[in-house]
Amino acid sequence: MKAGIVAAIAALALTGCGLAGPSDHKVLVDACVADGESEATCGCITTAMEENLSPELFKKTAQAVGRDKKDMMTFVGELTVQEQLSFSSVLGDMFACSLTGEPAE
């Protein structure tokens, strides 16, 4: 019992300190920058996805593209039609980010 409590407290402490790993937002920005985009553009694109995709789809994207290093186009091609439609609704904002490095207004 005590070991379980200690483990839970340790896990919470690690999460609170950011030691549990980078956020989904950060891993997507980092993957984007690794593909040659600027930090500003990548932050903008990731914010657009985070604000417009469901939390589940955003997390799924971060796992596949950010952590598993899957190509974005391959990943999107493997999604359900509904998930692909969700991505298509974000394309305008993502394209504006690519042009300006700032979200569309």
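Residues numbered from 1 in each chain as written. Predicted model: local features only at pLDDT ≥ 70, side-chain atom pairs only at ≥ 80, totals over all residues. Heavy atoms only, no water.

**Notes on the packing of helix α4 (residues 55–67) against helix α6 (residues 81–88)**
So, point 1. In contact at an axis separation of 11 Å, α4 and α6 are set at 90° when each is read in the N-to-C sense. Between α4 and α6, the angle falls in the class roughly perpendicular. Counted together, Leu-57, Lys-60 and Thr-61 of α4 and Glu-83, Ser-86 and Phe-87 of α6 form the full contact between these two elements.
So, point 2. The class makeup of the residues in the contact of α4 with α6 is 2 nonpolar, 2 polar and 2 charged. (Axes fitted to C-alpha atoms, helices over the stretch in contact; angles between N-to-C directions. Helix = DSSP H or I, 4+ residues; strand = E, 2+ residues; numbered from the N terminus. Parallel < 35°, antiparallel > 145°, perpendicular 65-115°, else oblique. Contact = heavy atoms within 4.5 Å. Nonpolar A, V, L, I, M, F, W, Y, C, P; charged D, E, K, R; others polar.)

**What to know about the pattern of salt bridges**
So, point 1. For the coordinates displayed, the defined rule picks out 5 salt bridges.
So, point 2. Where Asp-24 meets Arg-67, a salt bridge forms, and the shortest distance between an N and an O atom there is 2.7 Å. Of the two residues, Asp-24 is situated in helix α2 (residues 24–34) and Arg-67 in helix α4; the sequence distance between them amounts to 43 residues.
So, point 3. Among the ionic pairs, Glu-78 bridges to Lys-70, the shortest N-O distance being 2.6 Å.
So, point 4. The class for Lys-70 is partly exposed, based on a relative accessible area of 33%.
So, point 5. Three or more residues joined by partner-sharing salt bridges are found here, namely Asp-24, Lys-59 and Arg-67. (Salt bridge = Lys/Arg side-chain N within 4 Å of Asp/Glu carboxyl O. Buried < 20%, exposed > 50% of the residue type's maximum accessible area, 1.4 Å probe, protein only.)

**As for the confidence of the model for the protein**
So, point 1. Confidence in the prediction of the protein, expressed as mean pLDDT, is 83, and 75% of residues score 70 or more.
So, point 2. Put simply, helix α1 (residues 2–16) is where the protein has its lowest mean pLDDT, 44, and α4 is where it has its highest, 97.
So, point 3. Here residues 3–18 is modelled with pLDDT under 50, and outside its nearest four sequence neighbours on either side it reaches 3 contacts, counting other chains as well. (pLDDT = per-residue confidence, 0-100.)

**Description of α2**
So, point 1. Those residues of α2 that fall on the buried side of the exposure criterion are Asp-24, Val-27, Leu-28, Val-29, Ala-31 and Cys-32.
So, point 2. On its buried face, α2 sits against α3 (39–52) and α4.
So, point 3. At the exit of α2 stands Gly-36, carrying a positive phi of roughly 105°.

**Here's the deal with the packing of α2 against α4**
So, point 1. The geometry of α2 relative to α4 is characterised by a closest axis approach of 9 Å and an angle of 40° between their N-to-C directions. Taken together, the axes of α2 and α4 are oblique relative to one another. You can see that α2 and α4 cross each other, and the crossing is left-handed. Here Asp-24, His-25, Val-27, Leu-28 and Ala-31 of α2 lie close against α4, whose contacting residues are Phe-58, Lys-59, Thr-61, Ala-62, Val-65, Gly-66 and Arg-67. (Left-handed = near helix turned anticlockwise from the far one by under 90°.)

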